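# An overview of the molecular structure
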Amino acid sequence: MKARLTSFFILLFLAACQQGPKVIEAIDSPVTAQPDLSDPSANLLHKVVAEEVLHTSRYTYLYVTEEDQKFWIAVPRKDVETGVTYYYRGGLKKTNFKSVEHDRVFETLYLVSDVSRDPGMAGLPSGHPHTQAGQTIAGDETSSITPPPGGITIAELFKNPAQYDGKTVRIRGRCVKLNNMIMNRNWIHLQDGSTEDNTADLTVTTTDMVPLNAIVAFEGRITLNKDFGAGYKYDIIMEEARLLQ
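Residues numbered from 1 in each chain as written. Predicted model: local features only at pLDDT ≥ 70, side-chain atom pairs only at ≥ 80, totals over all residues. Heavy atoms only, no water.

### Examining the overall build of the protein
Threshold: A helix here means a DSSP run of H or I that spans at least four residues, while a strand means a run of E at least two residues long, and both kinds are numbered starting from the N terminus. A 1.4 Å probe rolled over the protein chains alone gives each residue an accessible area, and that area as a share of the maximum for its type sets the label: buried under 20%, exposed over 50%, partly exposed in between. The contact rule is simple, with two residues in contact once any of their heavy atoms fall within 4.5 Å. Accessible areas in this description were obtained via Shrake-Rupley with a 1.4 Å probe; residue shielding takes into account the shown protein chains only.
Assigned secondary structure in the protein consists of four helices and 12 strands. Evaluated residue by residue, the protein yields a buried proportion of 43% over its 245 residues. Considering only intrachain contacts with a sequence separation of at least 6, the fraction spanning at least 24 residues in the protein is 61%. Accessible surface for the protein amounts to roughly 13300 Å². Of this, 50% is attributable to carbon and sulfur atoms.

### Brief notes about the layout of surface pockets
Stated formally: Grid points spaced at 1 Å over the protein atoms alone were grouped into cavities, where a 1.4 Å probe fits but cannot get out, and pockets, open sets with protein on both sides within 12 Å along at least five of seven lines, with lining residues defined by an atom within 4 Å of a point. Grid points are joined across faces, edges and corners, and a volume is the space filled by probe spheres set on the points. Gly is placed with the polar residues, together with every amino acid not listed as nonpolar (Ala, Val, Leu, Ile, Met, Phe, Trp, Tyr, Cys and Pro) or charged (Asp, Glu, Lys and Arg).
Looking at the second largest pocket, its volume works out to about 200 Å³. In this structure, the second largest pocket is lined by Thr85, Tyr87, Arg117, Asp118, Pro119, Ala155, Phe158, Lys159, Ser194, Thr195 and Glu196. Secondary-structure elements contributing two or more residues to the lining of the second largest pocket are β5 (85-89) and α3 (154-159). In terms of residues, the lining of the second largest pocket owes the most to one element, α3, which gives three residues. Per-class residue counts for the lining of the second largest pocket are four nonpolar, three polar and four charged.

### Some thoughts on the confidence of the model for the protein
What counts here: Values of pLDDT, the confidence the predictor places in each residue, fall between 0 and 100.
Residues with a pLDDT of 70 or more make up 71% of the protein, whose mean pLDDT is 76. Looking across the protein, the model is least confident in helix α2 (residues 129-133), with a mean pLDDT of 39, and most confident in helix α4 (residues 161-164), with 96. Predicted confidence for residues 29-40 stays below pLDDT 50, and this span has 24 contacts to residues more than four positions away or in other chains.

### Things to note about the packing of aromatic side chains
The criterion, for reference: In this scheme Phe, Tyr and Trp rings, the latter by its six-membered ring, pair at centre separations within 6.5 Å, and the angle between planes marks the pair as stacked below 30 degrees, edge-to-face above 60, and tilted otherwise.
Counted by the stated rule, this structure contains seven aromatic pairs. Ring geometry for Tyr61 and Phe106: centres 4.8 Å apart, planes at 15 degrees, overall stacked. Of the two residues, Tyr61 sits in strand β3 (residues 59-66) while Phe106 sits in strand β7 (residues 104-111), which places them 45 residues apart along the sequence. For Tyr61, a relative accessible area of 0% corresponds to the buried category. Ring geometry for Trp187 versus Tyr234: centroids 5.8 Å apart, planes at 20 degrees, classification stacked.

### Structural notes on the nonpolar core
To keep things clear, this is the line we draw: Nonpolar cores were defined as sets of buried Ala, Val, Leu, Ile, Met, Phe, Trp, Tyr and Cys residues, with membership established by side-chain atoms within 4.5 Å.
Formed by 23 residues in total, the largest nonpolar core has its most connected members in Leu157, Ile171, Leu190, Leu202, Phe218 and Met238. Counting only elements with at least two residues in this core, the list comes to α3, β8 (168-182), β9 (185-191), β10 (202-206), β11 (215-227) and β12 (233-243). Contact partners of Leu190, with chain neighbours within four places excluded, come to Ile154, Ile171, Gly173, Arg174, Cys175, Ala200, Asp201, Leu202, Val204, Val216 and Phe218. Counting 14 residues, the second largest nonpolar core, distinct from the first, contains Ala50, Phe71, Tyr86 and Tyr88.

### Focus: unusual backbone geometry
Residues other than glycine seldom take positive phi values, yet Asn96 does so here, at roughly 50 degrees. Counting through the fold element by element, Asn96 comes out in strand β6 (residues 92-99). The residue Glu240 is not glycine, and still its phi comes out positive at about 50 degrees. Position of Glu240 among the secondary structure elements: in strand β12. Residue classification places Glu240 among the exposed residues on the basis of a relative accessible area of 63%.

This is how it looks when you write it as structure tokens:
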């Protein structure tokens, strides 16, 4: 009887040792999970430096430094460089996250929708109503766009945003995304090919109507750190813009 009890406890001990920590089985698929936008942390702008980069077929893992902290983040596969400063918002924390392709478990990792070299690109958290309803175009169709008379480029605006805060400026770009009549205004996203990150765009609010993919020029007031509530927060935005002929 005593021998049977001893064997039973040995089996229990071995089973417990084999279980180990619970691991989230990842399949290196695109990042889609996002934090609740009602959580203030979803709007926090993170400034990080990429220390190490690992690619998979669909993910890009970045080991980053933010002030005195170091951690891993994962974004949909993207060309990024070590030593470069990137910006992002939000991030969904995962523990014991396994990369199948690297056969590696990340003790702590944050799923992030995207990173950008331009802080102005981080104005919308992923999953925001605008990004869900909007449309986008791809390619280098913005490379030959020049500012309107007396205007500036989006890169100039993003480089020195404080210089233009509260001022009326003119900007020309291609409409790469639009959402009409939200909060009684149209939301236009412009690209002009002037930024380092060709996907960076400027959000413009207006009552004028423009078609997707059209090259248009707007004149409007630049506002920094604009918070409309309910997750509608922008580092840089052009408001009350009018379409130039």
